[in-house]
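Examination of the molecular architecture
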Amino acid sequence: IKSCYGNPTCSGHGKCGGQKPGKCQCNPSWSGEECTVERHIRSCRSVGDPHPISFMGHGFNIYEQGEFMLAVHPDLSEKHHAYMDWIAPNRKGHISANVGYAVQAGGETIVVSNINGAVVAKIGCKTVNGNTPGGNTVSGSGSSKVTVKTAEGSVATINRAWSHFVDTYLTMKIPKDGKGRGIC
C-alpha cells in the first residue's frame, strides 16, 4: 500500500492521513489507494420468486435454494447476501423465493428475515433497531419494512412480501471498475 505523503490531496478526491497516517481518506464518491476510482450509485433488487435485477438492469430468475452473494467489491468493506428457499416442500426444484438478507459491514453481520409476518433485523440473537456498534443503522425492525444503512453509505430495504418471504432492494456507491461480484 502506497503512502500518500507525496499526494496530499489524494488525486484531488480526498485527504492524506484522514483516519490512518500516510493513507488516503477518499471523498464519498471515490475509492482506491490514491482515490482514483470513482464510485457510482447503483441499485439492484431481488423480489418475488426471485427475479433479480442487476446494477446494469439485467433481469433473470433463480430457481434454487441457498445463500447467494448480492454484491461485494474488494475496495469496500461490506458484503451483501440473499437467502432463498423453496416456496413449498412439494415444489422443490420449481419455485423458490427470498427468505432473508444479510450484510457484513463494520465488523458485524446483520441478518434480516420475515418472522411471523414482521421483518426483523438481528445481530446474533439480538434484535436491533437504531445505531449498531459497527457504525451501521437499522430502522423499522419488527414492522413490514426494515432499512439497513451501512457506514459506507449503502442502503438495503427489505419488505415483507407474502408468507415468510421478503423482497430486497439494495443501493450502493460502488466503483465502476469491473471488480464487483454477485448477482447484483
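The structure contained in this document is the topic of the report that follows. Predicted model only: the values in this text are computed from it and were never measured.

Some remarks on the sheet that holds strand β11 (residues 126-127)
Strand order in the open sheet made by the 6 strands is β6-β7-β8-β9-β10-β11, with antiparallel pairing throughout. Each having just a single partner strand, β6 (66-72) and β11 make up the two edges of the open sheet.

A few points about the pattern of salt bridges
Taken as a whole, this structure holds 1 salt bridge when the rule is applied. Between Glu152 and Arg39 there is a salt bridge, and its shortest N-O distance comes to 3.6 Å. A residue pair is termed long-range when its members are at least 10 positions apart, and Glu152 in the loop between β14 (145-149) and β15 (155-160) and Arg39 in strand β4 (residues 37-47) qualify at 113 residues. Since its relative accessible area comes to 23%, Glu152 is described here as partly exposed. Judged by its relative accessible area of 11%, Arg39 is buried.

What to know about the state of the cysteines
Tallied over the full model, the rule gives 4 disulfides. Between the sulfur atoms of Cys4 and its disulfide partner Cys16 the distance amounts to 2.1 Å. Note on the Cys4 and Cys16 pair: the S-S dihedral is about 85 degrees, so by sign convention the disulfide is right-handed. A residue pair is termed long-range when its members are at least 10 positions apart, and Cys4 in the segment before β1 (14-16) and Cys16 in strand β1 qualify at 12 residues. Residue Cys16 is classed as partly exposed on the basis of its relative accessible area, which comes to 23%. A disulfide bridge connects Cys26 with Cys35, and the sulfur atoms are separated by 2.2 Å. The sign of the S-S torsion, about -95 degrees, decides the handedness of the disulfide formed by Cys26 and Cys35: left-handed.

Points about the pairing of strand β9 (residues 108-115)
The side-chain alternation of β9 yields one buried face, formed by Glu108, Ile110, Val112 and Asn114, and one unburied face, formed by Thr109, Val111, Ser113 and Ile115. Bridging between strand β8 (residues 96-105) and β9 involves 6 bridges; their strand directions are antiparallel. Looking across to β9, one finds that Ala102 is bridged to Val111. Between β8 and the antiparallel strand that follows it, β9, lie 2 residues; Gly106 among them carries a positive phi value of about 65 degrees. Relative to strand β10 (residues 118-123), β9 is paired through 5 bridges, and the arrangement is antiparallel. Bridge pairing in β10 links Val111 to Lys122. Hairpin connection of β9 to β10: 2 residues between the antiparallel strands, including Asn116 at a positive phi of 55 degrees.

Rules of the game
- Chains are numbered independently. Their residues run from 1 in the order of the written sequence.
- Reporting of local features is limited, given that this is a predicted model, to residues whose pLDDT is at least 70; pairs of side-chain atoms are given and counted only at 80 or more, and all residues count toward the totals for whole chains, interfaces and linings.
- Neither water nor hydrogens contribute to the side-chain values; these are computed over all heavy atoms in the structure.
- What makes two strands pair is DSSP finding at least two bridges between them.
- Only DSSP runs of H or I with at least four residues qualify as helices, and only runs of E with at least two residues qualify as strands; both kinds are numbered from the N terminus onward.
- By definition here, a salt bridge exists when the distance from a side-chain nitrogen of Lys or Arg to a carboxyl oxygen of Asp or Glu is within 4 Å.
- Relative accessibility thresholds used throughout: buried, under 20% of the residue-type maximum; exposed, over 50%; partly exposed, between the two (1.4 Å probe, protein chains only).
- Any pair of cysteine sulfurs within 2.5 Å is marked as a disulfide.

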